[in-house]
Amino acid sequence: MKRRKFIRTAGVGAAGVAAASTVVAAPAIAQSMPEVKWRLTSSFPKSLDTLYGGSELFAKTVSEMSDGKFQVRAFAAGEIVPGLQVADAVQNGTVEAGQTAAYYYFGKHPNFVFETGLPFTMNQRQYYAWLDFAGGHELVNEFYKEYNFRSFTFGGTGCQMGGWFRKEIKSMDDMKGLKFRVGGFAGLILQRLGVVPQQIAGGDIYPALEKGTIDACEWVGPYDDEKLGFNKVAKYYYYPGWWEGASVGSLYVNNKAWEELPKPYQAMVEAAAGRVTSWMVPKYDASNPAALRRLVAGGTELRPFPRAVLEPCFLEAYKFYDELSAKDPKFKKIYDSLKAFRTDENLWFRVAENTFDNFNFSMSAQGR
């Protein structure tokens, strides 16, 4: 009897000690974690709850993972710096981090296009695969060393729309002389074909379109475009946005801020950026159909870009890439990697993904 009582007591005691250790350990670990405060400036206005919402989700996730010890405060475009100056703010250490689209900075070097998406190359899934598993991000971050920051994939949009026009576009002749707000690298391609590209931050596009400073614009897709009100001043809505068959977001982090960050917090940054990436594209996919229906019901004329527009743009794009590769070894190094990966990816997608999609869509069109 005494032996059984001893065993029961010992068991309870051990469990009690273990429970007590657990209770004590959690606060001890939390107390050992330093308080860190970062500022994150975004290229996007607060009205865009998916793009800018990625920054808010990132800040929330990091705070929850660190029990409030690691605080990231997100600022919308214009609150600290204008939307197109995020890279400079991170490079100079004005802020520790920034949410942006890398291709906004192609004026610094053409290589800034690669992280967002090179026109006429791959879709969103393929682009993520190249960045994460085929050396794309290693090459991009090697290049970014010159600018004193590193980058993490930070969401995306999927294939974008081709934009809003006041007149119908039937050939490249209709595009010539058009003052067209278009993001990033595509402007260089279109300029070679007679378009007058304009790079304007998201929150400034509507006033420019309304006042006639620009003739046409593109942004992302129905969900965001409806919020920005482009349908109120332009009737024709074209697709696809060939310049962004994929559009990958970027989280820039200043190198000094990164190096000073404790290893557990570095892991939190990577995990939180991954959460944003897994959240953003599905949110757009879920939100775009209803927005498109509303736009069309409100009088928007939905139009596909004719082949007479797409084909010249495609050919000019690859002619331009070849010219850049011939004169710029830095561009060639990343382009060769992307192009080789694209060849294999397209072979695979043609076997299963595209076959399934094409059949499934054709049957759905029959009301199935």
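These figures come from a predicted structure and were not determined experimentally.

Participant: A description of a nonpolar patch on the surface should follow, citing residues and the corresponding values.
Facilitator: On the surface, a cluster of nonpolar side chains totalling about 220 Å² of accessible area is made up of Tyr-239, Val-296 and Leu-302. Here Leu-302 lies in strand β11 (residues 301–304). For Leu-302, a relative accessible area of 32% gives the class partly exposed.

Participant: So what's going on with the layout of surface pockets? Residues and values would help.
Facilitator: One number sums up the size of the largest pocket: a volume of about 680 Å³. In terms of lining, the largest pocket is formed by 27 residues, of which the most central are Met-122, Asn-123, Gln-126, Gly-245 and Asn-354. Of all the secondary-structure elements, those providing two or more residues to the lining of the largest pocket are α5 (124–133), α13 (329–351) and α14 (353–364). When residues in the lining of the largest pocket are grouped by element, the largest group, 5 residues, is from α14.

Participant: Account for the packing of α5 against α13, with residues named and values stated.
Facilitator: Two elements in contact, α5 and α13, have axes whose closest approach is 10 Å; the angle formed by their N-to-C orientations is 130°. As far as their axial angle goes, α13 and α5 are oblique. Relative to α13, the crossing made by α5 is right-handed. Listed contacts from α13 to Arg-125, Gln-126, Tyr-127, Ala-129 and Trp-130 of α5 are Ile-334, Ser-337, Leu-338, Phe-341, Glu-345, Asn-346 and Phe-349.

Participant: Got a sec to walk through the side chain of Thr-41? Specific residues and values, please.
Facilitator: The topology assignment puts Thr-41 in strand β1 (residues 36–42). Of the residues examined, Thr-41 reaches a relative accessible area of 0% and is grouped as buried. Those residues in contact with Thr-41 that lie beyond four places of it in its chain are Phe-75, Ile-80, Val-81, Val-86, Ala-89, Val-95, Ala-97, Gly-98 and Gln-99.

What counts, and where the lines are drawn
- Residues numbered from 1 in each chain as written.
- Predicted model: local features only at pLDDT ≥ 70, side-chain atom pairs only at ≥ 80, totals over all residues.
- Heavy atoms only, no water.
- Patch = residues over 30% accessible without salt bridge, like charges linked within 9 Å, V, L, I, M, F, W, Y side chains within 5 Å.
- Areas by Shrake-Rupley, 256 points an atom, 1.4 Å probe, with all protein chains shown as cover.
- Salt bridge = Lys/Arg side-chain N within 4 Å of Asp/Glu carboxyl O.
- Helix = DSSP H or I, 4+ residues; strand = E, 2+ residues; numbered from the N terminus.
- Buried < 20%, exposed > 50% of the residue type's maximum accessible area, 1.4 Å probe, protein only.
- 1 Å grid on protein atoms, 1.4 Å probe; cavity = no way out; pocket = protein on both sides within 12 Å on 5 of 7 lines; lining within 4 Å.
- Points joined across faces, edges and corners; volume = space filled by probe spheres on them.
- Axes fitted to C-alpha atoms, helices over the stretch in contact; angles between N-to-C directions.
- Parallel < 35°, antiparallel > 145°, perpendicular 65-115°, else oblique.
- Left-handed = near helix turned anticlockwise from the far one by under 90°.
- Contact = heavy atoms within 4.5 Å.

On their own, these measurements won't tell you what the molecule is for.
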